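# Summary of structural features
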Amino acid sequence: MLTKFFFMLREGGMKPSITELLTLLEAMKQGVAGYSVDDFYYLSRSCLVKDESKFDRFDQIFAAHFQGIEEAFNALVGEVPDDWLRKQAELLLTDEERQQIEAMGGFDALMEALRERLEEQEGRHEGGNRWIGTAGTSPFGAYGYNPEGVRIGQQGSRHRRATKVWDRREYRNLDDSVELGTRNIKIALRKLRKFAREGAADQLDLEDTIDKTARNAGLLDIRMVPERHNAVKVLLCLDIGGSMDDHVRICEELFSATRTEFKHLEYFYFHNFVYESLWKDNRRRHAERIPTAEITHKYGPDYKLIFVGDATMSPYEIVYAGGSVEHWNEEPGAVWIKRLLSAYPKAIWLNPEPELRWDYTPSVKITRELMDDRMFPLTLSGLDDGIKSLH
Amino acid sequence: MTDKKFTGTSSYVATDDLMMAVNAAVTLERPILIKGEPGTGKTQLALEVARALGRPLHEWHIKSTTKAQQGLYDYDAVARLRDSQLGDDRVHDIANYIVKGKVWEAFVSDEQPVLLIDEIDKADIEFPNDLLQELDRMEFFVYETKELVKAAHRPIVIITSNNEKELPDAFLRRCFFHYIKFPDKETMERIIDVHYPKLKKSLLKEALEAFYQVRDVPGLKKKPSTSELLDWIKLLVAEDIPVEALRAEDSRNAIPPLYGALLKNEQDVHLFEQLVFLDRRTNTR
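Here the structure is a predicted model, which means the values were calculated and not measured.

### Some points on the overall build of chain A
- Tallying secondary structure elements over chain A gives 16 helices and 11 strands in all.
- Residue burial in chain A is summarised as follows: out of 391 residues, 47% are buried.
- As displayed, chain A has an accessible area near 20300 Å², and 52% of this comes from carbon and sulfur atoms.

This is the structure:
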């Protein structure tokens, strides 16, 4: 009888199961809900929705179904956010197309050409492949695609590789209170557990007790051992802002899961690539930076190092001094990552970008080589493989 | 089966949706999962349900080290070992060393009991999964004595969670669910009325006003909840604070008296004081 409502809930993105529907029907048969719509509403919500954040959605679908306003339901499902549409338009470029768009000139040539063209050009420009404007393939301007492009006047980064970011963006700390979907990640992370006995002896060591009792001519000699704890030590370095905006959600999930799984977890943020300093608080990232050398000094080689980042940027940001988009770096990022890797032999790089795209982005290739091929996709299976290589 | 319906008690105000969820769980004899902000009366609910329906209550408080097995039974190997040393006759019957857990106690209760599993999210991530069978079929097997323990009367299981960990789907599917949302002003007045029936109307009004203002301060780490409000009012009454002291219009005394009962966190107190200070400055200008 309620099948239509049930399927409407499922179409609306909720996931009630058959057992839950049967529970609801049984409750109605037993007369729990009486004969008022309000009662039925409370009962069905209690049976079918197990997450308070879905209550609002349930309310809307319930209203749509029981007041016969089917249009309202369509409007609800059909309401596609603008942001999403815009992102879809971006994805229309195929990988081949991306590949076809060749980078032009070197770093210096690029900057020089930009200066010249800025002088040449006056007025707004859109499309095309030469002038500075939006949505074109010229190396200059925003919302377009050229792998070595320079981004000018664009809110929030779109394609990953502008060599200088001229918009000042605000970032936010990864929210470690996000718990949604972290369960799977936690289970994957469990494989990284290494148990060691530390602390107060509060558990009976049965084997040792038997052994000691036997040696003690049968007089009971109880032996205790400390409980086992997860003793694995992890350094987590997270790329934040810029091209990582797309992946914030999955990174938050990973971060939230690692926070509760490991007792010894230190996390640091970086932007695009690691240089001479990292930071812990993103709001005060310019004021409170921690020298990378200090980190390698403070945390011993028994720490396992996990980078999380899309490694998608202009190659200059890795191999050239002064290539960083945010500051002048005396030594190139490649040098710094080599130092980190020699300090922490057990290291992996987790990349939230799909593995298929890696080959089309030169900076990913470079990073992968620097990491000795220890780059894994940020998926459950990738996490599994990565953790295996950490052992 | 019970014919009684839960409609709240003289000391507990239940909203319509809460009553419905509880009654559905009682009628169908399935567990009910209660979530909500800390201090909105999740644990209290179990006590009140037991009282209202006249049932015995078994409480199982979960800690981070609690294992599902501990709720069923414990095998006291050390005691048995010791008894064997002393030549006690009890040693030959293993059943003497099986210590019943809270779930077992509830299962063998003479009448249908209420079983509270408090703060299930505190335990290990696998904890809920380990209890699936026990809560579904209301039975479990004791390996040491080869005995099947089956509930004589399916208990009313009330489970609370603070949402620290996500619970597995398989577990959620077997429960009714209720989220205790923070009460609005009218419900709150009823709640306070239940606890402090003789409270002066004017004091109540001002206290609520001040309380919701504090709750609206953005960026608080822990918003004060019902239980904090009740404590605070108790203090106000005990200290005999005059109504005038609560008036927010008096900007010189904008910090409500005894606010330590509402804000439990040093940073929150600090933030609050700063905001009040700022407010005062803009007002005097």
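Next comes the rest of the write-up.
### Focus on the interface of chain A and chain B
- Contact residues are listed per partner, giving 37 residues for chain A and 32 residues for chain B.
- For the pair chain A and chain B, the summed buried area comes to about 3000 Å², and 58% of that belongs to carbon and sulfur atoms.
- Summed over the shared surface of chain A and chain B, the result is 3 salt bridges.
- Between aspartate 17 of chain B and arginine 45 of chain A there is a salt bridge; the shortest N-O distance is 3.0 Å.
- The interface formed by chain A and chain B includes 9 residue pairs in polar contact (both at pLDDT 80 or more).
- Among the elements of the structure, helix 2 (18-29), helix 3 (37-48), helix 9 (182-189) and helix 10 (206-215) of chain A are those that each provide at least two residues to the side of chain A that touches chain B.
- Broken down by element, the side of chain A that touches chain B gets its largest block of residues, 6 residues, from helix 3 of chain A.
- Partitioning the side of chain A that touches chain B into residue classes produces 14 nonpolar, 10 polar and 13 charged.

### Considering the packing of aromatic side chains
- For the structure on display, the rule yields 20 aromatic pairs over all chains.
- Ring plane angle 75° and centroid distance 5.5 Å describe the contact between phenylalanine 6 of chain A and phenylalanine 7 of chain A, whose orientation is recorded as edge-to-face.
- Ring plane angle 80° and centroid distance 5.7 Å describe the contact between tryptophan 104 of chain B and phenylalanine 140 of chain B, whose orientation is recorded as edge-to-face. Taken together, the residues tryptophan 104 of chain B in helix 5 (residues 102-107) and phenylalanine 140 of chain B in strand 6 (residues 139-142) connect sequence positions 36 residues apart. Each member of the pair, tryptophan 104 of chain B together with phenylalanine 140 of chain B, is buried.
- Lying across the ring of tryptophan 336 of chain A, arginine 339 of chain A places its NZ or CZ 4.5 Å from the centre.

### Description of the confidence of the model for chain A
- Mean pLDDT over chain A stands at 69; residues scoring 70 or higher make up 63%.
- Below a pLDDT of 50 lies the segment residues 76-94 of chain A, which in the model reaches 13 contacts outside its immediate sequence neighbourhood of four places, other chains included.

### Brief notes about the nonpolar core
- Counting 79 residues, the largest nonpolar core has Leu43 and Phe58 of chain A together with Ile117, Ile158 and Ile159 of chain B as the members making the most contacts within it.
- By residue number, the principal contributor to this core is helix 1 (residues 16-28) of chain B, which donates 9 residues.
- In contact with phenylalanine 58 of chain A, other than residues within four places in its own chain, are Phe5, Leu9, Met14, Tyr41, Ser44, Arg45, Leu48 and Val49 of chain A.
- Met188, Tyr196, Leu203 and Leu262 of chain B belong to the second largest nonpolar core, which has 31 residues in total.

### Observations regarding a positive patch on the surface
- A contiguous patch of positive charge on the surface is contributed by Arg10, Lys15, Lys54 and Arg57 of chain A.
- Mapped onto the elements, lysine 54 of chain A comes out in the loop between helix 3 and helix 4 (55-66).

### So, a negative patch on the surface
Residues and elements named next belong to chain B.
- Together, Asp184, Glu186, Glu189 and Asp193 make up a region of like negative charge exposed at the surface.
- For glutamate 186, the location among the structural elements is in helix 9 (residues 185-195).
- Accessibility expressed as a relative area gives 64% for glutamate 186, which makes it exposed.

### Comments concerning the sheet that holds strand 8 (residues 156-161) of chain B
Residues and elements named next belong to chain B.
- Spatial strand order, 2-5-8-1-9: 5 strands in an open sheet with parallel pairing. Of all strands in the sheet, those bounded by a partner on one side alone are strand 2 (57-61) and strand 9 (176-180). The average undirected angle you get between the axes of adjacent strands in this sheet is 20°.
- Across 4 bridges, the pairing between strand 1 (residues 32-36) and strand 8 is parallel. For leucine 33, the partnering residue across the bridge sits in strand 8 and is isoleucine 159.
- Contacting strand 1, strand 8 and strand 9, helix 1 crosses the sheet at an angle of about 155° to strand 9.

### Quick notes on the pairing of strand 10 (residues 347-351) of chain A
Residue and element names in this part refer to chain A.
- Among the 5 residues that make up strand 10, 5 are buried, leaving the element largely enclosed by the rest of the structure.
- What you see with strand 10 is no split at all: Ala347, Trp349 and Asn351 on one side and Ile348 and Leu350 on the other are buried throughout.
- With 4 bridges joining them, strand 9 (residues 304-308) and strand 10 adopt parallel strand pairing. Paired with valine 308 across the two strands is leucine 350, which belongs to strand 10.
- Two elements, strand 10 and strand 11 (residues 375-377), share 3 bridges in a ladder whose sense is parallel. The partner of leucine 350 across the bridge, within strand 11, is phenylalanine 376.
- With helix 15 (residues 362-370) bridging strand 10 and its parallel neighbour strand 11, the resulting β-α-β unit is right-handed.

Basis of the calculations
In this numbering scheme, every chain counts its residues from 1 along its sequence in written order. Whichever chain is written first is A, and whichever ligand is written first is 1; the rest continue in order. This being a predicted model, a pLDDT of at least 70 is required before a residue's local features are given, and a value of 80 or more before pairs of side-chain atoms are given or counted; all residues contribute to the totals for chains, interfaces and linings. Side-chain measures were taken over the full set of non-hydrogen atoms in the model, leaving aside hydrogen atoms and water. Helix and strand assignments come from DSSP, with helices taken as H or I runs of at least 4 residues and strands as E runs of at least 2, each series counted from the N terminus. Only protein chains enter the accessibility calculation, which uses a 1.4 Å probe; a residue whose area is less than 20% of its type maximum is buried, one above 50% is exposed, and one in between is partly exposed. In this description, accessible areas are obtained by the Shrake-Rupley approach with a 1.4 Å probe, and a residue is regarded as covered only by the protein chains that are shown. The contact definition used throughout considers only heavy atoms, calling two residues in contact when any of these lie within 4.5 Å. Buried area: the accessible surface (1.4 Å probe) lost by two parts on joining, summed over both. Each salt bridge in this description consists of a side-chain nitrogen of Lys or Arg and a carboxyl oxygen of Asp or Glu lying within 4 Å of one another. Polar contacts here mean pairs of N or O atoms no more than 3.5 Å apart (in protein, one a potential hydrogen donor and the other a potential acceptor; neighbouring residues in sequence count only if both atoms are side-chain atoms). Polar here means any residue other than Ala, Val, Leu, Ile, Met, Phe, Trp, Tyr, Cys and Pro, which are nonpolar, and Asp, Glu, Lys and Arg, which are charged; Gly is therefore polar. Stacked, edge-to-face and tilted are the three classes for Phe, Tyr and Trp ring pairs, Trp counted by its six-membered ring, which pair at centre distances within 6.5 Å; planes under 30 degrees apart are stacked, over 60 edge-to-face, the rest tilted. By the criterion adopted, a ring carries a charge over it if an Arg CZ or a Lys NZ lies within 6 Å of its centre and within 35 degrees of its normal. As a per-residue quantity, pLDDT reports the predictor's confidence and falls between 0 and 100. To define a nonpolar core, start from buried Ala, Val, Leu, Ile, Met, Phe, Trp, Tyr and Cys residues and group those joined through side-chain atoms within 4.5 Å. Residues forming no salt bridge and having over 30% relative accessible area are the ones grouped into patches, like charges within 9 Å of each other and nonpolar side chains (Val, Leu, Ile, Met, Phe, Trp, Tyr) within 5 Å. Charged residues are defined narrowly, with Lys and Arg counted positive, Asp and Glu counted negative, and His plus the chain ends left uncounted. By convention, the charge on Lys lies at NZ, on Arg at CZ, on Asp at CG and on Glu at CD. Being paired, for any two strands, means DSSP has found at least two bridges between them. Axis lines are fitted through C-alpha atoms, for helices just across the contact stretch, and the angle between N-to-C directions can take any value from 0 to 180 degrees. If you view a crossover with the strands going away from you and the path from the first strand over the helix to the second runs clockwise, you call it right-handed.

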